[in-house]
Amino acid sequence: MKLVRLLANLGYGSRKQAVALCRQGRVTDAAGEVLYADDKVDPAEVRVDGEPLDPPQGLVLMLHKPVGHTCSTKDPGRVVYDLLPPRFRLRNPAISPVGRLDRDTSGLLLMTDDGALLHRIVSPKSAIPKVYEAGLAQDLRGDEAALFASGTLLLESEDTPLLPAEMETLGPRRARLTLHEGRYHQVRRMFAATGNRVVSLHRSRIGGLALGDLPEGRWRALAPAELDSLFGAASR
Ligand code: URA
């Protein structure tokens, strides 16, 4: 790909601004040789002001989403894009969240510019398990795990029952849920169906991927092997 297009697609500026960056001699190869806007380049070899380029197209990143940020570009409040380098908003193709977490949910959020991969991850066919830890307003009744595992729970205003989900009790008002689908506000609505209320919600795992020690508000790019662990043996 020509350097100017690469730089523009990665959000380093408009094509005009990318040409200007090159003219200023700020874009070089790894050995420090100045590159020209029309050069055909390997992204791994390009430096801007001596720094390697942002990850090229095909980026998949994990973000430790804090409470208070929405997974939207339009929300007037805080959005998950505020936690990424500002250039990332200008990339083409755009980086989008893979599914959503509510504003009041924290934890593991994947984002990618790979549309096909995004659809594969969210597709019901992939049935990638997602693990949530919920804090509750009231003590668990004791029958929730059986109800959630039954495959018969019908959420309000829906006509298909939920797929069986696993629940582990972590305390009188704490539970870990593993879901195999992603419906709107699913965890909150599941507990609402038992007369309870979720007061805190955190997603710790998607497939074989966990947040690990990634601090809240931080992101990192995923390595290809981590993507394999996302899908696991069942859906490959
Ligand atoms: N279920 C919810 O209720 N909210 C989320 O953000 C994710 C799952």
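Refer to the structure presented above.
Here goes a summary of the coordinates provided. All of these numbers come straight from a predicted model, not from anything done at the bench.

A word on the overall build of the protein chain. When you go through the protein chain residue by residue, the secondary structure sums to six helices and 12 strands. Viewed in the frame of its principal axes, the protein chain has a C-alpha envelope of about 70 × 40 × 35 Å. Put simply, 62% of the contacts in the protein chain that link residues at least 6 apart link residues at least 24 apart. For the protein chain, the accessible surface area stands at approximately 12400 Å², while carbon and sulfur atoms represent 52% of it.

Burial within strand β7 (residues 130-136) is extensive, with seven of its seven residues counted as buried. Because side chains alternate across β7, one face comprises the buried residues K130, Y132, A134 and L136, and the other comprises V131, E133 and G135, equally buried. Where β7 lies against strand β9 (residues 174-179), six bridges are found, and the strand directions are antiparallel. In the sheet register, V131 faces β9, and the bridge partner there is T178. By the bridge criterion, seven bridges tie β7 to strand β10 (residues 198-206) in an arrangement that is antiparallel.

This paragraph deals with the site of the ligand. All residues in the neighbourhood of the ligand are listed as L101, D102, T105, Y132, H185, Q186, V187, R188 and L201. Here a nitrogen atom of the ligand and a backbone polar atom of V187 are 3.1 Å apart. Separating an oxygen atom of the ligand from a backbone N or O atom of R188 is a distance of 3.1 Å. Considered on its own, the ligand offers 240 Å² of accessible surface; in the complex 95% of this is hidden by protein.

What follows is about a positive patch on the surface. Taken together, the side chains of K2, R5, R15 and K40 make up a positively charged region of the molecular surface. Following the sequence through the fold, R15 ends up in helix α2 (residues 15-23).

Another aspect to go through is helix α3 (residues 115-122). Taken as a whole, α3 has its buried residues at L117, L118 and I121. Angular distribution of buried residues about the axis of α3 spans 105°; they occupy a single face of the element. Within α3, the exposed residues directed more than 90 degrees away from the buried face are A116 and H119. Two or three places before A116, at the start of α3, stands the capping residue D114, its side-chain oxygen 3.2 Å from that residue's backbone nitrogen.

Calculation rules
Residues numbered from 1 in each chain as written. Predicted model: local features only at pLDDT ≥ 70, side-chain atom pairs only at ≥ 80, totals over all residues. Heavy atoms only, no water. Helix = DSSP H or I, 4+ residues; strand = E, 2+ residues; numbered from the N terminus. Contact = heavy atoms within 4.5 Å. Areas by Shrake-Rupley, 256 points an atom, 1.4 Å probe, with all protein chains shown as cover. Buried < 20%, exposed > 50% of the residue type's maximum accessible area, 1.4 Å probe, protein only. Pairing = 2+ DSSP bridges. Near = heavy atom within 4 Å. Polar contact = N/O pair within 3.5 Å; in protein donor to acceptor, adjacent residues only side chain to side chain. Patch = residues over 30% accessible without salt bridge, like charges linked within 9 Å, V, L, I, M, F, W, Y side chains within 5 Å. Salt bridge = Lys/Arg side-chain N within 4 Å of Asp/Glu carboxyl O. Lys, Arg positive; Asp, Glu negative; His and termini not counted. Charge placed at Lys NZ, Arg CZ, Asp CG, Glu CD. Arc of directions from axis to C-beta.

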